[in-house]
Amino acid sequence: MFNDIGALELVTIVVLAILIFGPDKLPKVIQDVSGFIRKIRAFSDSAKQDIRSELGPEFKDFEFEDLNPKTFIRKQLTENEDLQELRSSFDLRKELNEVTDAVNSRETGSAPAASPASATPAAGTGPDLLKKPAAPAQEPRTPFDADAT
């Protein structure tokens, strides 16, 4: 709950509490606040138990933290057996290596004696992926008349 409070902030809170409540009333205030926090926790726990009992036995393992969307999605992705099977069957590196090998074998198979820079694609093999496309021809610009605008 107070994970981000540093030592300086804690000292500041203690000094302010002593200044506001005084050294003689501070123990009573701390006791009252801690009792209030205990009552809130007990009320929260009893409310959770009531909700679990009303939901029935099929929701016995229900956790309220699961209602957080991040937790819900993480739990569904890690516990779903179908997704685990799909994730284990699909290997992206293997697929990329197969595609790379296929491209390299087609490239070396079409012109084994020529270098890749001077290789021309054979008829029906598709475009040469190593060759840079020609720059499109620029259209002539129409004259600009400043008086007409």
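Below or above, wherever it landed, is the structure these notes cover. The structure displayed is predicted, hence computed values, not measured ones.

1. Remarks on the overall build of the chain
Line of reasoning, step 1. Each helix and strand counted, the chain has four helices and zero strands in total.
Line of reasoning, step 2. The order of α-helices and β-strands along the chain, N terminus first, is α-α-α-α.
Line of reasoning, step 3. Looking at the 149 residues of the chain, the share that counts as buried comes to 6%.
Line of reasoning, step 4. When the accessible surface of the chain is totalled, it reaches about 14000 Å², and 61% of it is carbon and sulfur.

2. Some details on the side chain of Arg52
Line of reasoning, step 1. You can see Arg52 is positioned in helix H1 (residues 7–55).
Line of reasoning, step 2. Judged by its relative accessible area of 19%, Arg52 is buried.

3. Section: the pattern of salt bridges
Between side chains of opposite charge, a pair can form as their charged atoms come close.
Line of reasoning, step 1. Throughout the structure, instances matching the rule amount to one salt bridge.
Line of reasoning, step 2. For Lys28, the salt bridge is made with Asp32, and the minimal N-O distance between the two is 3.2 Å. Of the two residues, Lys28 and Asp32 both sit in helix H1, four residues apart, roughly one turn of that helix.
Line of reasoning, step 3. Overall, the relative accessible area of 49% leaves Lys28 in the partly exposed class.
Line of reasoning, step 4. Exposure remark for Asp32: the relative accessible area of 44% places this residue in the partly exposed category.

4. Regarding a negative patch on the surface
Line of reasoning, step 1. Taken together, Asp91, Glu95, Glu98 and Asp101 make up a surface patch of like negative charges.
Line of reasoning, step 2. Residue placement: Asp101 occurs in helix H4 (residues 92–110).

5. With respect to H1
In an α-helix, one turn spans 3.6 residues, which is why side chains three or four residues apart end up on the same side.
Line of reasoning, step 1. Taking 1.5 Å as the rise per residue, H1 with 49 residues should run 72 Å; its terminal C-alpha atoms sit only 44 Å apart, a clear shortfall.
Line of reasoning, step 2. Lys25 marks where H1 bends most, by close to 100°; the proline Pro27 follows one to four residues later.
Line of reasoning, step 3. Taken together, the buried positions of H1 are occupied by Ala17, Gly22, Leu26, Gly35 and Arg52.
Line of reasoning, step 4. Of the residues trailing H1, Gly56 is marked for its positive phi of about 105°.

The rules behind each value
- Residues numbered from 1 in each chain as written.
- Predicted model: local features only at pLDDT ≥ 70, side-chain atom pairs only at ≥ 80, totals over all residues.
- Heavy atoms only, no water.
- Helix = DSSP H or I, 4+ residues; strand = E, 2+ residues; numbered from the N terminus.
- Buried < 20%, exposed > 50% of the residue type's maximum accessible area, 1.4 Å probe, protein only.
- Areas by Shrake-Rupley, 256 points an atom, 1.4 Å probe, with all protein chains shown as cover.
- Salt bridge = Lys/Arg side-chain N within 4 Å of Asp/Glu carboxyl O.
- Patch = residues over 30% accessible without salt bridge, like charges linked within 9 Å, V, L, I, M, F, W, Y side chains within 5 Å.
- Lys, Arg positive; Asp, Glu negative; His and termini not counted.
- Charge placed at Lys NZ, Arg CZ, Asp CG, Glu CD.
- Expected span 1.5 Å × (residues − 1).
- Bend = angle between axes of the 7 residues up to and from the residue.

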